[in-house]
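Each chain, letter by letter, is given below.
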Amino acid sequence: MAGRVLRRAAKAAAAGFLHYSGARKAMAAYRRSQSGGRRILIVSYHRVVSDFTGELQRSIPGLLISQETFRRHLEQAHAAGFELASLGDAVDVMAGRRAAKKDLFVVTFDDGYRDVYRYAYPVLKQMGVPAITYLPTAFINTDKRFNHDRLFHLLRRVQERRFRPDYATMPGPSVELLGPILTGQKTTSAALDDFIGEHPTRVLTGIIDALEQQLGGGADLLPEQGDVMNWDEVRQMARDGFEFGAHTLGHTVLTLEPTAVVEKEILESKQTIEREVGVQVKDFAYCNGWYSDEMIRVLSQNGFRSGVTTEDLPNRVGGDPFTLKRKVMWENFSLGMMGDYSSSLTVCQFDDCFGVLGMSHPVLGRRPHVLSQATGTTNVLVQEAAAAEAVLARATPVEVVDVTAPVIVTDPRVAAAVTGAQVVVAPNVALAPEAAKPEELQ
Ligand SMILES: [Zn+2]
């Protein structure tokens, strides 16, 4: 907690200095020349809420931004000289098909939360700002909640009730998720972030089912918040010119799934939106920000023009439209030393001052399709494990480590807490999923 407050104070102080000294503008100019003449900043939001403080008591913090802060972001981006552009325009500028008079700022929403319809859509419409929303179509028009929201809610119940889970009746990796939370080593949201990136959907649903049963069932085990849009709401936004992209059927991290599932989730989510809304869908968002060459192949061969990641890096004119970089935003990225809205901090985030200074730690989303070719871990090259272990043991949490072949090793940081836990390590993969997320979350 003290560390978090200190970090926030340091960033706020740095932002003030950078802003008023003119260093921020110099950094923006540096990024602009690096990007090929124009900056293309794509920002990612999840839920835009009316009562941030109240929602913070029951929801994953990193998904939340208040309507007021969201509005200020748009106003500030405009004031800072950005053109608030559509994703399609940004893709055209990157491809050299369109010239941009200004730097571009593109608003994106992941997951299709109803909050976006309720609280972001009116602001966008009033201000004339374009945006794209990525929909996991199996959730639209249903009362279902996302696995991440359900697990977060259940884990809170487990903690409130001081419940000791019976691991014997749960999927094997459960202890990797619950262990660090129950021993206070990680916050619920940090543990959840780490875990969801490492385990396929069937493990998540297995844990949800087991915990619901062990906690005795009941309506209070399902989160009230986190509802998604219905098709009428989507159609209404589409009529006002807002774009929609695909985000799989079941919000599935596709790097953890076999090829047949990758194709089905990508193609059917595109077709469903096209059928329900009557628009062409050409854009995709990778769940958890993770993508593979295999997924890019499926997208490019099936009428898609872009894929967005959560890699917090600059986009470049001439860059790959299937690995678009995005800055994931939430409320606390704009909070200054006293916990109030800081415009200098916000504009420093937009200008990527902390990235230029090396104060942020982007994690790459490209993953091998390791588990897709095998059931479980049968084709793992274990002979590489010893070498990778040695590299891992020396690695700091923000290091990117190259190993020559996909291997499964025992991650020393996980192993310290959990005997027998396994992680996948592969070429050019960032090894610390926890570093991928805003540090304030930890
Ligand atoms: Zn998502």
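On a predicted model such as this, the values are computed, not experimentally measured, just so you know.

What counts as what
Residue indices follow the written sequence of each chain, beginning from 1 at its first position. Predicted model: local features are reported for residues with pLDDT of at least 70 only, side-chain atom pairs are reported and counted for 80 or more only, and whole-chain, interface and lining totals are derived from all residues. Any residue surrounded by 20 or more other C-beta atoms within 10 Å of its C-beta is treated as buried, while 12 or fewer makes it exposed and the intermediate range makes it partly exposed; C-beta atoms here are placed from the backbone. A run of H or I in DSSP counts as a helix once it spans at least four residues, and a run of E counts as a strand once it spans at least two, with each numbered from the N terminus. The arc in question is the one spanned by the directions pointing from the helix axis to the C-beta atoms. Lines fitted to C-alpha atoms define the axes, with helix axes restricted to the stretch in contact, and inter-axis angles between N-to-C directions lie between 0 and 180 degrees. Roughly parallel refers to an angle under 35 degrees, roughly antiparallel to one over 145, roughly perpendicular to one between 65 and 115, and oblique to any angle outside these ranges. Left-handed describes a crossing whose near helix is turned anticlockwise from the far helix through less than a right angle; right-handed describes the clockwise counterpart. By the convention adopted here, residues are in contact when the distance between their C-beta atoms, placed from the backbone, does not exceed 7 Å. Ten residues, namely Ala, Val, Leu, Ile, Met, Phe, Trp, Tyr, Cys and Pro, are considered nonpolar, four, namely Asp, Glu, Lys and Arg, are considered charged, and the remaining ones, Gly among them, are considered polar.

Trainee: Would you mind going over helix α5 (residues 87-95) with me for this structure?
Mentor: Side chains that are three or four residues apart share a direction in an α-helix, a result of its 3.6 residues per turn. Looking only at α5, the buried set comprises Leu87, Ala90, Val91, Val93 and Met94. Considered in projection along α5, the buried side chains sweep an arc of 160° and stay on one side of the axis. In the stretch just after α5, Gly96 is the one whose phi turns positive, near 80°.

Trainee: Just checking my understanding: could you explain the environment of Ala246 for this structure?
Mentor: Residue placement: Ala246 occurs in strand β7 (residues 243-246). Sequence spacing of Ala246 and Glu274 is 28 residues, and the spatial spacing of their C-alpha atoms is 9.9 Å.

Trainee: It is not clear to me how the packing of helix α4 (residues 67-79) against helix α6 (residues 114-127) should be interpreted in this structure. Could you clarify?
Mentor: Helices that pack against each other are described as a pair by the angle of their axes relative to one another and the distance between those axes. Relative orientation of the contacting elements α4 and α6 amounts to 30°, with a least axis distance of 10 Å. Looking at the two axes, α4 sits roughly parallel to α6. Between α4 and α6 lies a crossing of right-handed hand. The segment α4 lies against α6, with Gln67, Phe70, Arg71 and Leu74 engaging Tyr119, Ala120, Val123 and Met127. Among the residues forming the contact of α4 with α6, the class breakdown is 6 nonpolar, 1 polar and 1 charged.

Trainee: In this structure, what is going on with unusual backbone geometry? I would like to understand it.
Mentor: Glycine aside, negative phi is the norm for most residues, and most peptide bonds take the trans geometry. With a phi close to 50°, His251 is a non-glycine residue in the positive phi region. With 26 C-beta atoms counted inside 10 Å, the residue His251 sits in the buried group. Phi is positive for Asn288, close to 65°, though the residue is something other than glycine. Inspection of the secondary structure assignment puts Asn288 in the loop between β8 (283-285) and α13 (293-300).

Trainee: How should I be thinking about the packing of helix α12 (residues 259-277) against α13 in this particular structure?
Mentor: Orientation of α12 relative to α13, taken along the N-to-C sense of each, is 40°, at an axis distance of 10 Å. Judged on the interaxial angle alone, α13 and α12 are oblique. Along this stretch, α12 crosses α13, giving a crossing that reads as right-handed. Here Thr259, Val262, Glu263 and Ile266 of α12 come into contact with α13, specifically with Glu294, Met295, Val298 and Leu299.

In short, geometric facts, not functional conclusions.
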